[in-house]
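# Breakdown of the fold
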Amino acid sequence: MESRREKNLMAEEESDGLIAARRIQRLSLHISPSLTPPPSLPLLQTETCSARSKKLDVDGQALSLYMRGKHMDIQEKIFEFYNSRPDLQTPIEISKDDHRELCMNQLLGLVREAGIRPFRYVADDPEKYFAIMEAVGSVDMSLGIKMGVQYSLWGGSVINLGTKKHRDKYFDGIDNLDYTGCFAMTELHHGSNVQGLQTTATFDPFKDEFVIDTPHDGAIKWWIGNAAVHGKFATVFARLILPTHDSKGVSDMGVHAFIVPIRDMKTHQTLPGVEIQDCGHKVGLNGVDNGALRFRSVRIPRDNLLNRFGDVSRDGTYTSSLPTINKRFGATLGELVGGRVGLAYASVGVLKISATIAIRYSLLRQQFGPPKQPEVSILDYQSQQHKLMPMLASTYAYHFATVYLVEKYSEMKKTHDEQLVADVHALSAGLKSYITSYTAKALSVCREACGGHGYAAVNRFGSLRNDHDIFQTFEGDNTVLLQQVAADLLKRYKEKFQGGTLTVTWSYLRESMNTYLSQPNPVTVRWEGEDHLRDPKFQLDAFRYRTSRLLQNVAARLQKHSKTLGGFGAWNRCLNHLLTLAESHIETVILAKFIEAVKNCPYPSARAALKLACDLYALDRIWKDIGTYRNVDYVAPNKAKAIHKLTEYLSFQVRNVAKELVDAFELPDHVTRAPIAMQSDAYSQYTQVVGF
Ligand SMILES: Cc1cc2nc3c(=O)[nH]c(=O)nc-3n(C[C@H](O)[C@H](O)[C@H](O)COP(=O)(O)OP(=O)(O)OC[C@H]3O[C@@H](n4cnc5c(N)ncnc54)[C@H](O)[C@@H]3O)c2cc1C
């Protein structure tokens, strides 16, 4: 017989055990809240919305199938790998130094343990590479960027700017992470203006070497990923200086790329002449070790010039297939657009995560309600729908636009078709800047849409926002990139009037410019029927009309101002107009791709859901710019009112299928990893995380 004391002791031990078990569970939730959702908890039902009209019946499976990328398998393999390795998951609280080490180990694990070799796909199968990047970025965005620095920037510069000898020598080491490296372009005084870089690479014909120098502090390489801790090599962008026999003694051949070893392969000590400093703690992405590099007469062999677009022979003679410095510079930067494509694509991934967290939470969360009736889901408030439903529609729009961009980029890599190169260059600049700016703002909207709980670190908006924020700046500042889009449009506009051809993405200008030049049809400006407003032709015409009008006007303004202000001054005088033009063009491309995706969807109910989202995307954008359309009488007052009413109605309709629309992203639980977004009992999970 057990004594009372023994029984008490056993009960105490049992409750100690329970407490310990709960504590372990709680701690594990802190480390990785997603991986241990209590399986037995009942599902919390989504509040049904007070039906204002019939809800669309969506076949979620068909929609998921249509949205699913070609490379879901490799993404699942990546998720499985990290799920099986709690030691490789990033905890909520971590120091900068630990985060950097963890991030390196995460990358080593991916490559050496999971056997996933992203570098192989950088050149040969970019679609697969971007799918890997999206998956690892959702594990930890620092990891996505660290991988991008190693394979797309450092590795990509070697294989895209170098020749066979470089590929043969470096490919395997880059691939297996023996040759960790950096992409050293930005300097303290020059970021966006790459042509202004000051680092020099002077050819020494006696020793057959280049001498790399940082001529002054303003030329110190700054923000260089992988430099502070892990990098062994750097692709250094420097002015190529050649000795000449004239009175000047040297000739500046413009910016070229050079492979410079920065740390010893065995000891990892910094090499003589190289000085490395840490850029320190950042707003986000602290798993990436950004550093600053100064070079003092660092000698490298002549072979280390990445010589695809320009070469130096043993006797110091310069050769290139491209005639001018500008053309060589353009070709060099043109090879680096992959980074931009990747960021646009990854930014849509971030938008999917944050929209999913906010929408799932808004479906679960209930506040207020009619007297003596249950509280309603906060997504039933018109204001919440207004914040989140056009965002959900935009997420779909950007998904299809970036899938298209990745396809075009892959095609360009295979064909090297000149027109396609120009097209992808402008399209990647435009989509990268437009989408990353949108996502950055959307992250704040999502945080706010989740109220106070959105502010808890465990619910992810803080880290997503901080890590993603810099997407707007690196790989080309967004404002600078949009100007490249505007410049490209103006170039094509000029070509059009000189009888030139327009590539696919721009061909609409030919037709819509003619429409623009004639007056808007006085009958159609008044049409306000739903069928008309939901007709893709009306929507695309409206977007195209706006772009054509902006283009025509800015071309005339530039011409006028350049007479008195010169080219640079005139451009600056019209800068805001030019940015609006670029955004308008990008929105037009996005809508065209969305309409195409709706049309091509083979599953009727999925197609109907996509059509709903597409109409909301189009009409919401038109409504946001209604002043412009009204000013030129493209839309009569009654039509403007009808557009507004229909936009609200479509928001409501999309709300009714919001669950199906976010579920179709098929983001695994550990990707959304926010207790407030879990499909099971959100509050139980959440209370456990904070310690109850
Ligand atoms: C976390 C992080 C990682 C990075 N990693 C790397 C790396 O690995 N390798 C590397 O080489 N670089 C890297 N960078 C540098 C990055 O690419 C640059 O910061 C970026 O190119 C912008 O340059 P900048 O900072 O000099 O900004 P600036 O060019 O000085 O821009 C500052 C502001 O001026 C505005 N502006 C500039 N020019 C114009 C113009 N013509 N018209 C209108 N507005 C203008 C911009 O819109 C911006 O708002 C990294 C930066 C960060 C923060």
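Quick caveat: nothing in here was measured; it's all calculated off a predicted structure. (Residues numbered from 1 in each chain as written. Predicted model: local features only at pLDDT ≥ 70, side-chain atom pairs only at ≥ 80, totals over all residues. Heavy atoms only, no water.)

## Digging into the overall build of the protein
In terms of helices and strands, the protein carries 24 helices and 13 strands. Excluding contacts between residues fewer than 6 apart, the proportion of contacts in the protein whose partners are at least 24 apart in sequence is 75%. Carbon and sulfur atoms form 53% of the exposed surface of the protein, whose accessible area is close to 30500 Å². (Helix = DSSP H or I, 4+ residues; strand = E, 2+ residues; numbered from the N terminus. Contact = heavy atoms within 4.5 Å. Areas by Shrake-Rupley, 256 points an atom, 1.4 Å probe, with all protein chains shown as cover.)

## Description of the environment of Tyr-629
Inspection of the secondary structure puts Tyr-629 in helix α20 (residues 626-631). Separated by 84 residues in the primary sequence, Tyr-629 and Tyr-545 place their C-alpha atoms 9.4 Å from one another. Ignoring any residue separated from it by four or fewer positions in sequence, one finds Tyr-629 in contact with Ala-542, Phe-543, Arg-546, Ile-622, Tyr-634 and Val-635.

## Observations concerning the UniProt feature "active site" (unreviewed entry) in the protein
What UniProt calls "active site" (unreviewed entry) maps, in this numbering, to Glu-475. Here Glu-475 is to be found in the loop between α13 (461-469) and α14 (478-497). What Glu-475 contacts, discounting residues up to four positions off in sequence, is Leu-153, Leu-336, Gly-339, Arg-340, Leu-343, Lys-432 and Leu-481. (UniProt positions renumbered as here; feature names shortened; annotations may be inferred.)

## Some words on the site of the ligand
Taken together, the neighbourhood of the ligand is formed by 17 residues, with Phe-183, Thr-186, Ser-192, Asp-477 and Gln-483 sitting nearest. Gly-191 has a polar backbone atom sitting 3.4 Å from an oxygen atom of the ligand. Gln-483 places a polar side-chain atom, nitrogen or oxygen, 2.9 Å from a nitrogen atom of the ligand. Contributions of two or more residues to the shell around the ligand are made by β4 (221-225) and α14. (Near = heavy atom within 4 Å. Polar contact = N/O pair within 3.5 Å; in protein donor to acceptor, adjacent residues only side chain to side chain.)

## A closer look at the UniProt feature "binding site: FAD" (unreviewed entry) in the protein
Mapped onto this numbering, the UniProt entry gives "binding site: FAD" (unreviewed entry) at Thr-186 and Gly-225. In summary, the annotated positions, though distributed over 40 residues, converge in three dimensions, the widest C-alpha pair being only 10.6 Å. Along the chain, Thr-186 falls in the loop between β1 (181-184) and β2 (200-204). For Thr-186, a relative accessible area of 28% puts it in the partly exposed group. Those residues in contact with Thr-186 that lie beyond four places of it in its chain are Gly-191, Ile-220, Lys-221, Trp-222 and Ile-224. Within the element layout of this structure, Gly-225 appears in strand β4. Judged by relative accessible area, Gly-225 falls into the buried class, the value being 8%. With near-sequence residues (within four places) excluded, Gly-225 lies in contact with Val-149, Gly-181, Cys-182, Val-288, Asp-289 and Asn-290. (Buried < 20%, exposed > 50% of the residue type's maximum accessible area, 1.4 Å probe, protein only.)

## As for the environment of His-670
Examined against the element boundaries, His-670 turns out to sit in helix α23 (residues 669-672). His-670 sits in the buried class, given a relative accessible area of 10%. Along the primary structure His-670 and Phe-79 are separated by 591 residues, whereas in three dimensions their C-alpha atoms are 8.5 Å apart. At a separation of 3.5 Å, a polar atom in the side chain of His-670 contacts the side chain of Asn-83.

## Let's talk about the packing of helix α3 (residues 72-83) against helix α6 (residues 126-139)
Contact geometry of α3 with α6 gives a least axis separation of 9 Å together with a crossing angle of 30°. If you check the angle between α3 and α6, you find them roughly parallel. Between α3 and α6 lies a crossing whose hand is right-handed. The segment α3 lies against α6, with Ile-74, Gln-75, Ile-78, Phe-79 and Tyr-82 engaging Lys-128, Ala-131, Ile-132, Glu-134, Ala-135, Val-136, Ser-138 and Val-139. (Axes fitted to C-alpha atoms, helices over the stretch in contact; angles between N-to-C directions. Parallel < 35°, antiparallel > 145°, perpendicular 65-115°, else oblique. Left-handed = near helix turned anticlockwise from the far one by under 90°.)

## Structural notes on helix α17 (residues 536-573)
Owing to its 3.6 residues per turn, the α-helix aligns residues three or four sequence positions apart on the same side. Along its 38 residues, α17 runs just 35 Å from first to last C-alpha, ending more than 12% under the 56 Å computed at 1.5 Å per residue. Along α17, the largest kink reaches about 125° and is centred on Leu-565. The opening residue of α17, the one whose side-chain oxygen lies 2.9 Å from the backbone nitrogen of Lys-537, is Asp-535. (Expected span 1.5 Å × (residues − 1). Bend = angle between axes of the 7 residues up to and from the residue.)

## Here's the deal with the nonpolar core
Counting residues in each nonpolar core, the largest one holds 156 residues, and the members touching the most others are Tyr-151, Ile-359, Leu-392, Tyr-396, Tyr-398 and Phe-594. Not counting the four nearest positions on each side in its chain, Phe-594 is found in contact with Ala-393, Tyr-396, Ala-397, Phe-400, Leu-610, Ala-613, Cys-614 and Tyr-617. The next biggest cluster of nonpolar side chains, apart from the first, holds 26 residues, and it includes Val-236, Ala-238, Val-274 and Leu-305. (Core = buried A, V, L, I, M, F, W, Y, C linked by side-chain atoms within 4.5 Å.)

## Details of the pattern of salt bridges
Pairing is possible between side chains that carry opposite charge, provided their charged atoms lie close to one another. Applying the stated criterion across every chain yields a total of 41 salt bridges. Among the ionic pairs, Arg-100 bridges to Asp-278, the shortest N-O distance being 2.7 Å. Taken as a pair, Arg-100 in helix α4 (residues 96-113) and Asp-278 in strand β7 (residues 274-278) lie far apart in primary sequence, 178 residues in all. Classification of Asp-278 by relative accessible area gives partly exposed; the value is 37%. Notably, a salt bridge pairs Asp-633 with Arg-630, separated by 3.2 Å at the nearest N-O pair. Note on Asp-633: relative accessible area 45%, which makes it partly exposed. (Salt bridge = Lys/Arg side-chain N within 4 Å of Asp/Glu carboxyl O.)

## Considering the sheet that holds β7
By definition, the strands of a sheet pair up through backbone hydrogen bonds, in either a parallel or an antiparallel sense. In space, the 3 strands of this open sheet follow the order β4-β8-β7, with antiparallel pairing throughout. The strands lining the two open edges of the sheet, one partner per strand, are β4 and β7. Direction aside, the axes of adjacent strands within the sheet are offset by 35° on average. In the sheet, β7 pairs with strand β8 (residues 290-295) via 5 bridges, with the strands oriented antiparallel. Paired with Ile-276 across the strands is Leu-293, a residue of β8. (Pairing = 2+ DSSP bridges.)

## Re helix α10 (residues 338-364)
Between the first and last C-alpha of α10 there are 39 Å, a value that for 27 residues agrees with the 39 Å anticipated at 1.5 Å per step. Of all 27 residues in α10, 27 are buried; the element is thus mostly enclosed.

## A short note on the packing of aromatic side chains
The full count for this structure, using the stated rule, is 25 aromatic pairs. A centroid spacing of 5.9 Å and a plane angle of 55° characterise the contact between Phe-130 and Tyr-409, whose relative ring orientation is tilted. On the criterion of sequence distance, the pair formed by Phe-130 in helix α6 and Tyr-409 in helix α11 (residues 382-415) is long-range, its members being 279 residues apart. The rings of Tyr-66, Tyr-398, Phe-400, Tyr-434, Tyr-438, Phe-543, Phe-594 and Tyr-617 are connected pair by pair, giving a single aromatic cluster. Sitting above the plane of the Phe-543 ring, Arg-546 keeps its charged end 5.2 Å from the centroid. Just above the ring of Tyr-404 sits the side chain of Lys-593; from NZ or CZ to the centre is 3.9 Å. (Phe/Tyr/Trp six-rings, centres within 6.5 Å; stacked < 30°, edge-to-face > 60°. Lys NZ or Arg CZ within 6 Å of the ring centre and 35° of its normal.)

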